[in-house]
Amino acid sequence: MIKVSKRINDIIKRDRRVMFTTTREHYPFVADHANGDFAYDIDGNRFIDFSAFISVYNIGGNANAAVRNAVKEQADKLMHAAFLDFYSELPVRLAENLLTMMPSGFGRVFFSNSGTEANEDAIKLARIFTKKSYIIGFYGAFHGRTLGSLGITAAKTAQRERFGPFPNVVHSIFPNPYRPQFESETPDELAMACIDHLENNILKKEVSPKEAAAIFVEPVQGEGGYIVPPKLFMKELRRVADDNGILLVSDEVQAGYFRTGKFLAMENFNVTADIYTMAKALGGGVPIGATIAKKEFGDTPQGSHAGTFGGNLLAMAAANASLNYVKRNRRRLEAGVRQRGKYIMKRLNEMKEDYEILGDVRGLGLMIGAEFVKTKKSKTPAAKERDRIAEECFYNGLLTLPAGESAIRIIPPITMSMHNIERGMDIFENAVKKVDGGR
Ligand SMILES: Cc1ncc(COP(=O)(O)O)c(C=O)c1O
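Residues numbered from 1 in each chain as written. Predicted model: local features only at pLDDT ≥ 70, side-chain atom pairs only at ≥ 80, totals over all residues.

K.L.:
Before we go on, may I ask you to explain the overall build of the protein chain in this structure?
P.N.:
Summing up its helical and strand segments, the protein chain has 13 helices and 15 strands in all. Projected onto the principal axes, the alpha-carbon positions of the protein chain cover approximately 60 × 60 × 45 Å. Per-residue burial over the protein chain gives 51% buried out of 439 residues. (Helix = DSSP H or I, 4+ residues; strand = E, 2+ residues; numbered from the N terminus. Buried ≥ 20, exposed ≤ 12 C-beta atoms within 10 Å, placed from the backbone.)

Take a look at the structure:
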């Protein structure tokens, strides 16, 4: 059992005194270092990391030696090159490198520092290119917390309240097969009902296609609860976008970078978007955002967008080293995600039979969610029980993170060994058992 020391409690007290209180409401993990499958707190306690530090350490805690060495070397040379005013080679190399991973026709990249910025850039790009202003997003979506991306975010009112109004954004319905929003017998029927709503309500009654610049979508909704849509939904979304001259933007900030077993999560749906946004794992731990577009969108007016730190050389060095590593090991990593994902889903599906509070399990690759409910019949979200399970995991040496109203996300580094995946799942199951039995 992990013991929370006075040292840890003191840091948390100091934090509460000086930091804005908008974040960190989970268990008391005070990070010290990370190494591969493990994260360590300042007392040397070791945790199996099923959080990848919020989907950042996809290739292992503190990334790997190649990434660290690239950052160290670059730090000795030049950290910041004012890339938006001066030229430098590393950002160009990363853009070229990234484009080799993209579908054909993609030819332009803009670098920023975070996921929300990557989405801001995509909003502006869509508006420049289409000369239209409305953005269509989905309920349950999370695209960031700056005022443009926050307008499209619609995962929790706590994230939006006090900050609106958000002009020129409308939301449509993202299919949730566990909690179908329309009467439907199959996931495909649900997908088509959601598409029908988009075509016949949103685009006929709320915003004309003449005014709609882009549809923003997460291939798998992340913060909204790890919701995997039916394949048909994404295919039909592409058709609606094409039929109406609207761009499709795939937010790959959380689902991208091999999290689902493919470089782009959208590849699982055999759909190509017009613009992709990435961040999180792309920098291997160093802040980065990237907006990647088809070549024809790239002739953007001078002065229409920029940022001091876009193309920062530490981020570029880290991202290049990480990308080279995943490219070299692509086959092995993709197979590893499939194998580990299959194992976790099997374990969770077995657990679902045994524990009343485990209502639903879903996932794509190693982007897996387990949703907790009061009873299977009522499907009433069990947020408190979910939090207790996450705490129980923590005290037994496993880091997890919540998602949506009452789900836990299971997102280990994609490089985690099968042995540690199994050990992590044992801890997870014991925690569920304890909370389920203790109700
Ligand atoms: C899908 C998605 N888009 C955008 C963001 C925002 O990224 P950032 O926190 O780097 O601004 C997140 C963060 O969780 C995300 O999951």
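K.L.:
Explain the pairing of strand S3 (residues 46-49) to me, please; I cannot follow it from the model alone.
P.N.:
Along a regular strand, successive side chains alternate from one face of the sheet to the other. As judged from the three bridges shared by strand S2 (residues 38-41) and S3, these two strands associate in the antiparallel manner. Looking at the pairing, Phe38 lines up with Ile48 of S3. Where S2 folds back onto S3 in an antiparallel hairpin, the turn is made up of four residues, including Gly44, whose phi is positive at roughly 85 degrees. Taken together, the two bridges between S3 and strand S13 (residues 398-399) define a ladder with parallel strand orientation. For Asp49, the partnering residue across the bridge sits in S13 and is Leu399. (Pairing = 2+ DSSP bridges.)

K.L.:
Explain the site of the ligand to me, please; I cannot follow it from the model alone.
P.N.:
With respect to spatial proximity, 14 residues lie near the ligand, and among them Ser114, Gly115, Thr116, Val253 and Gln254 are the closest. Per-element tally for the shell around the ligand: the top contributor is helix H5 (residues 115-130), with three residues. Grouping the constituent residues of the shell around the ligand by class yields three nonpolar, eight polar and three charged. (Near = placed C-beta within 6 Å. Nonpolar A, V, L, I, M, F, W, Y, C, P; charged D, E, K, R; others polar.)

K.L.:
Explain the sheet that holds strand S15 (residues 407-410) to me, please; I cannot follow it from the model alone.
P.N.:
Sheets are built from strands that pair by backbone hydrogen bonding, the pairs being arranged parallel or antiparallel. Taken together, four strands build an open sheet; the order of strands is S11-S12-S15-S14 and the sheet is antiparallel. Bordering the open sheet on either side are strand S11 (358-364) and strand S14 (401-403), each of which pairs with just one other strand. Neighbour-to-neighbour, the strand axes of the sheet open up by a mean angle of 30 degrees, direction not taken into account. In the sheet, S14 pairs with S15 via three bridges, with the strands oriented antiparallel. Across the sheet, Leu401 pairs through a bridge with Arg409, a residue of S15. Across the sheet, helix H11 (residues 330-354) is in contact with S11, strand S12 (367-372) and S15; its angle to S11 comes to roughly 165 degrees. (Axes fitted to C-alpha atoms, helices over the stretch in contact; angles between N-to-C directions. Contact = placed C-beta atoms within 7 Å.)

K.L.:
I'm lost on the packing of helix H3 (residues 65-77) against helix H10 (residues 313-328) in this one. Help?
P.N.:
The axes of two packed helices give the description: the angle between them and the distance between them. Between H3 and H10, whose axes approach to 8 Å, the crossing angle comes to 150 degrees. By the angle between their directions, the pair H3 and H10 is classed as roughly antiparallel. Pair H3 / H10 crosses with right-handed handedness. In contact with Ala66, Val67, Ala70, Val71, Gln74 and Ala75 of H3, H10 contributes Leu313, Leu314, Ala317, Ala318, Asn320, Ala321, Ser322 and Tyr325. In terms of residue class, the contact of H3 with H10 is built from eleven nonpolar, three polar and no charged. (Parallel < 35°, antiparallel > 145°, perpendicular 65-115°, else oblique. Left-handed = near helix turned anticlockwise from the far one by under 90°.)

K.L.:
What am I meant to see in unusual backbone geometry here?
P.N.:
For residues other than glycine, phi is negative in most cases, and the peptide bonds are mostly trans. Of the consecutive residues Gly164 and Pro165, the connecting peptide bond is found in the cis state with omega at 0 degrees. Following the sequence through the fold, Pro165 ends up in the loop between helix H7 (157-160) and strand S6 (169-172). Even without being a glycine, Phe53 presents a positive backbone phi close to 50 degrees. Structurally, Phe53 is set in helix H2 (residues 52-55). Under the C-beta neighbour-count criterion, Phe53 is labelled buried, with 20 such atoms within 10 Å. Residues other than glycine seldom take positive phi values, yet Lys131 does so here, at roughly 60 degrees. Note on placement: Lys131 falls in the loop between H5 and strand S5 (134-138). Given 7 C-beta atoms within a 10 Å radius, Lys131 is considered exposed.

K.L.:
Can you walk me through the packing of helix H12 (residues 383-395) against helix H13 (residues 418-437) in this structure?
P.N.:
Between H12 and H13, whose axes approach to 9 Å, the crossing angle comes to 135 degrees. Classified by the interaxial angle, the pair formed by H12 and H13 is oblique. Considering the relative orientation of H12 and H13, their crossing is right-handed. Within the contact between the two elements, H12 uses Glu385, Arg388, Ile389, Glu392 and Cys393 and H13 uses Ile427, Phe428, Ala431, Val432, Lys434 and Val435.

K.L.:
Whenever I open this one, the nonpolar core confuses me. Can you help?
P.N.:
Inside soluble globular proteins, nonpolar side chains tend to come together where they are buried. Counting 134 residues, the largest nonpolar core has Ala126, Ile215, Val249 and Ala318 as the members making the most contacts within it. With eleven residues, H10 is the largest single contributor of residues to this core. When residues of this core are assigned to domains, at least three map to each of domain 1 (6-63 + 331-437) and domain 2 (78-328). When sequence neighbours within four positions are dropped, the list of residues in contact with Ile215 reads Ile136, Leu237, Ala241, Ile246, Leu248 and Val249. (Core = buried A, V, L, I, M, F, W, Y, C linked by C-beta atoms within 7 Å. Domains from an automatic or database assignment.)

K.L.:
I would appreciate a short explanation of helix H4 (residues 89-99) in the present structure.
P.N.:
The α-helix advances 3.6 residues per turn, and as a result positions three or four apart in sequence lie on the same side. Within the span of H4, buried status applies to Leu90, Pro91, Leu94 and Leu98. Looking straight down H4, one finds that the buried residues subtend no more than 100 degrees of arc, so they occupy a single side. Turned more than 90 degrees away from the buried face of H4, the exposed residues are Glu89 and Glu96. The secondary structure elements touched by the buried residues of H4 are strand S4 (106-112), strand S10 (289-294) and H10. (Arc of directions from axis to C-beta.)

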